[in-house]
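Descriptive structure summary
Now for the letters of each chain:
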Amino acid sequence: MADEDRDPTVSQRYRELGREEPPPELDAAILAASRRAAEVHPAPLVAPTGRRRWYFPVAAAAIIVLAAAVTFHMDRQQPEPDMPVAAAPAPESAKTPVIKPSAVERKAPRAEAPKRERRTDDARKPAAYSFAPEPPAQTAEAQRAAAAPATQGAASAPAARSEVHAARLMAQAESPERTLERIAELRRQGRHEEADQALKEFRKRYPDYKIPEAMLQKVEKK
Amino acid sequence: MEAPDEQLMLAYRDGDAGAFETLYRRHRARLYRFVLRGVKSRATAEELYQEIWIRVIEARERYTPQARFTTWLYTIAHHMLVDHWRQRGLSLVSLDGSESIPDAAADPQAQAAARQGLTRFMQALEALPPVQREAFLLHEEAGLTVAEIASATGSNEQAAKSRLRYALAKLKAAVDG
């Protein structure tokens, strides 16, 4: 560290402010969560072979089928407005990161859960955040069905919840780049609340992903 | 000799819970203070602090030591704070720091002067624009270099250096004032 970036008197005064530490119960909750996560068998560092090879394609297929079923159900509930068909996502590039299934799951949103209790479910349960090693290519119909709810207007409450759920499932099968493009599109359409929520979830899923400056201008609310 | 942070995180990635505990105890206090100084209330700070560590735990399988662990950790913390500030319109925050101001001496006048000095400093810290305060805290609390601050905050080194220097200048004025 260069000396010109530090002032001893300022540092001293800052230290005098206090040396607060997290309370013991907070430490305990976090360490307990870390131990629970470590108890689950971690995903292999290399692609699985043999018996376990079938996990990922089956999980990917299940996500697509579920997303298509939900959106099909929504279509049956109300007439589909004359909306433009979403463009097919670009073929996944080699840059798409390999994402391993996460063993740590949260309970319901924070407001509904005990303040410092985090729970993780074991790997047997189909994880809502499971990913295939490479995001699968969707059929045109599945893409249109999955994209349509995102472009529909106001719906009834159950349909709105299904729309949000389908959007989340679609987001989970996307690459980071595709997700950012989707958020940028929401922002361009003036759907800032959805964009904010999607960006927040993106940050959770990819906490250390550095968004390029050009894309950041598109996805952040001005 | 203790294992470096990156090695501990890799060990935790591979299932060693004890490695995480060591890592956690190394960074808990500094990270907590970094969050505490950047938000409005202690309760909010605790919530964000816990969320940061949960994200570290969840991201362990994607972790690769491309940078210092500290930089990676505070990148996550930065994103959490940015989301928090954005939701609250980047308003200035106040800290319930009265209990954290120590008595400088038995002399009541000296104590009062010390409190006044610390209060002035704390107010100056609170009054910094969030990006400058964050740069200062990343440097002072987390020990990040200018380059690492730039990396953690998604900015460039020039901007990080500028924010840090502005912050130092204002805090220095509060100390000297």
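Numbering of residues starts from 1 in every chain and runs along the sequence as written. Labels are handed out in written order, letters beginning with A for the chains and numbers beginning with 1 for the ligands. This being a predicted model, a pLDDT of at least 70 is required before a residue's local features are given, and a value of 80 or more before pairs of side-chain atoms are given or counted; all residues contribute to the totals for chains, interfaces and linings. To obtain the side-chain values, all non-hydrogen atoms of the structure were included, while hydrogens and water were left out.

**Focus on the overall build of chain A**
Of the regular secondary structure elements, chain A holds eight helices and zero strands. Between buried and exposed lies partly exposed: a residue is buried under 20% and exposed over 50% of the maximum accessible area for its type, with that area taken using a 1.4 Å probe on protein chains only. Within chain A, the fraction of its 222 residues that count as buried is 41%. Taking the intrachain contacts of chain A between residues at least 6 apart in sequence as the baseline, contacts between residues at least 24 apart amount to 69%. A helix here means a DSSP run of H or I that spans at least four residues, while a strand means a run of E at least two residues long, and both kinds are numbered starting from the N terminus. Residue contacts follow a heavy-atom distance rule, with two residues in contact if any of their heavy atoms lie within 4.5 Å.

**Structural notes on the confidence of the model for chain A**
For chain A, mean pLDDT is 67; residues scoring 70 or higher make up 48% of the total. Per residue, pLDDT captures the predictor's confidence, and it can take any value from 0 to 100. Contacts for the low-pLDDT stretch residues 84-155 of chain A, under 50 throughout, to residues beyond four places or in other chains number 117 contacts.

**Here's the deal with the interface of chain B and chain A**
Each partner contributes residues to the interface: chain B has 64 residues there, and chain A has 55 residues. Here chain B packs against chain A, burying approximately 5700 Å² in sum over the two surfaces, 53% of which is carbon and sulfur. Once two parts are brought into contact, the accessible area they lose, counted with a 1.4 Å probe and summed over both, makes up the buried area. Taken as a group, Gln50, Glu61 and Arg62 of chain B account for 12% of the area that chain B buries against chain A, more than any other trio of residues on that side. By definition, a salt bridge exists where a carboxyl oxygen of Asp or Glu is found within 4 Å of a side-chain nitrogen of Lys or Arg. For the pair chain B and chain A, the number of links is ten salt bridges. A salt bridge links arginine 86 of chain B to glutamate 220 of chain A, with the nearest nitrogen and oxygen atoms 2.8 Å apart. It is helix 3 (residues 42-58) of chain B that contributes the most residues to the side of chain B that touches chain A, twelve residues altogether. In the scheme used here, Gly and all other residues not listed as nonpolar or charged are polar, with Ala, Val, Leu, Ile, Met, Phe, Trp, Tyr, Cys and Pro taken as nonpolar and Asp, Glu, Lys and Arg as charged. Tallied by class, the residues present in the side of chain B that touches chain A amount to 29 nonpolar, twelve polar and 23 charged.

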